[in-house]
Amino acid sequence: MRRARSRRKTVSIEAPASKGPHSRATPAYAPLTQGQVDKIVDTTVELLATSGVVIEPGGEADGLLRQAGCVLSDGGIVKIPETVTRRALATAARKTTLWDRNGENPISIDCEHTWFMPGMTCIAVYDADSGEPRPSTREDLALITLIADKLPHVDGVCIAVKNVEQSNQFGEIDEFVCLMENTTKPLEYLCEHPSSLVAVTEMAAALRGSQDALRKKPYFLHLVTPLPVNLARIHSDQIITAARAGVPVGVGTLPIGGASSPITLAGCITHALMTDFAAVVLGQLAAEGSFCVGCSDVNFMEPATGAIGSFSQTSVADMAMCQIRRSLGFPSLTGIGGCSVARRFNQDAVWEISSNMTQMFYNRPATIDYMGSLDQGLTYSLHALLLCDDLAGLLRKMWQGLEVSADQMAADLIREVGPSGNFLARQHTVDNCRTQVWNSRYFGPNIPLSNAGAPDQDLLERIGDDLKMMLAELEQPVLPSKTKAAVTAILNNYRDLVV
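Predicted, not measured: the structure shown is a model, and the values here were computed from it.

Trainee: Explain the overall build of the protein chain here, please?
Mentor: Per the secondary structure count, the protein chain includes 18 helices and 19 strands. Its C-alpha radius of gyration of 24 Å places the protein chain within 12% of the 23 Å reference for a compact globule of 499 residues. Considering only C-alpha atoms, the protein chain reaches an extent of 80 × 55 × 50 Å along its principal axes. Across the 499 residues of the protein chain, 53% fall into the buried class. Sequence separation of at least 24 residues holds for 76% of the intrachain contacts in the protein chain that already meet a minimum separation of 6. Accessible surface, the protein chain: about 21,700 Å² in total, of which carbon and sulfur atoms supply 55%. For the protein chain, the separation between the mean place of its 43 positive charges and that of its 54 negative charges on side chains is 5 Å.

Structure follows, in structure tokens:
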């Protein structure tokens, strides 16, 4: 169904006028006192020194840790002296910048901005015909990336879905190529094999023209995802490789309180920070001053079902983690907004996505990377992604806050109109009636009210119509032929690998 001309104008996907800092007009929320923040940080540092973390032996990390004065056991447990952790927290970079495919339009990864991205690594999508989940493919990743490239509030693109049929090293490198081909926006990447990181870094250097040019203008943020307090060698090798190559890296686990971590809020946060701090230490030992920060997402077991859930715990924990990182000067990566445990895009999904996206107004993570992920992170939904993009626009409007000035308080106008007057026809109303309005694509003027002319469609139908229109207008952004040839040559070196 084609939309009426007035409706199409309302759902314009033009880029917003401002994607500036969120902190100038409105403060972040702080659920902890500074004393509580200090206690959690101090306890985390002490536990690294006395209880330790597992860092799988056999790699270059062994020598770096020993040289720094860490105690390594035969079983891989590493105890990191407090002085080593404190130095790493002091020397690690607090911010970095990502640049788009063309080396333009930088986005600052810091404590002052929040950026929105689709993701991450779902293994299924909802079939367009049946509506049921099916294994995701390279074509699905390409389509989601093309849609993300057009959405005004999506700032970078992560691997939203895996190419399940190519679940090998070639496949995960080719996923980076797929992102390069289908968006000009900056990227997030994650992989299993350290050599895959080497390959995609070569591709990014080919895009920029040299490794030094890539270091000056990073194209992607690399994510490393170990188990709680347990860095496998594939993870420690990736940290070292990224730090030395000048590739910004975030390292974070996904603890589940009550299962892999303590069930309590403070206990799960402390356990997660042990993983984060250990990664920061390793990154600084590899390349002091590098951008290597922790980005663990705290989750909890739902006691009644054993599944991931417990929305209130997860929400409060995320607020606290963001506050703790801000207190140390570190941006929080992989904010929990934009995803849902609901098995499909229904009322449950809309409630959870709306709740956790709006919560980002208070949390202020640097990146929100799970937009569009449903079914406990297993299945990807384009409908959910479009809703998230709309809600990201709401956040950006709210972050602008309010101006308190003579003009905005309108005291002279209030006196002039008087207690029984009407402000509708006044120029002040004309000048300001749209300045603080959220130009929503699906809500606001697009809600089908009984006294308006919009068709009586529910949210799923409204998003579905919009998606159909977008699909009909998609065009792949052309990757320069020289870059494409270089990337293809690197990819072909891994074509026969089935690791």
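Trainee: Looking at this model, I keep getting lost on the sheet that holds strand β2 (residues 71-72). Mind explaining?
Mentor: Within a sheet, adjacent strands bond to each other through the backbone by hydrogen bonds, running parallel or antiparallel. Strand order across the open sheet formed by 4 strands is β2-β3-β1-β11, with mixed pairing between neighbours. A strand with exactly one partner marks an edge of an open sheet, and here the two such strands are β2 and β11 (230-231).

Trainee: Explain the side chain of Thr483 here, please?
Mentor: By the secondary structure assignment, Thr483 is in helix α18 (residues 481-492). Judged by its relative accessible area of 9%, Thr483 is buried. If we ignore the near neighbours within four places in the chain, the residues touching Thr483 are Met180 and Leu207.

Trainee: Hey, could you run me through the pairing of strand β10 (residues 220-224) in this one?
Mentor: Sheet faces and side chains relate simply in a regular strand, where the side chains alternate between the two faces. Summarising burial for β10: 5 of the 5 residues are buried, a large majority. Of the two faces of β10, both are covered, the one formed by Phe220, His222 and Val224 as well as the one formed by Leu221 and Leu223. Pairing of β10 with strand β12 (residues 249-251), which is carried by 3 bridges, proceeds in the parallel orientation. Bridging across to β12, Leu223 finds its partner in Gly250.

Calculation notes
Residues numbered from 1 in each chain as written. Predicted model: local features only at pLDDT ≥ 70, side-chain atom pairs only at ≥ 80, totals over all residues. Heavy atoms only, no water. Helix = DSSP H or I, 4+ residues; strand = E, 2+ residues; numbered from the N terminus. Rg over C-alpha atoms; globule rule 2.2 N^0.38 Å. Buried < 20%, exposed > 50% of the residue type's maximum accessible area, 1.4 Å probe, protein only. Contact = heavy atoms within 4.5 Å. Areas by Shrake-Rupley, 256 points an atom, 1.4 Å probe, with all protein chains shown as cover. Lys, Arg positive; Asp, Glu negative; His and termini not counted. Charge placed at Lys NZ, Arg CZ, Asp CG, Glu CD. Pairing = 2+ DSSP bridges.

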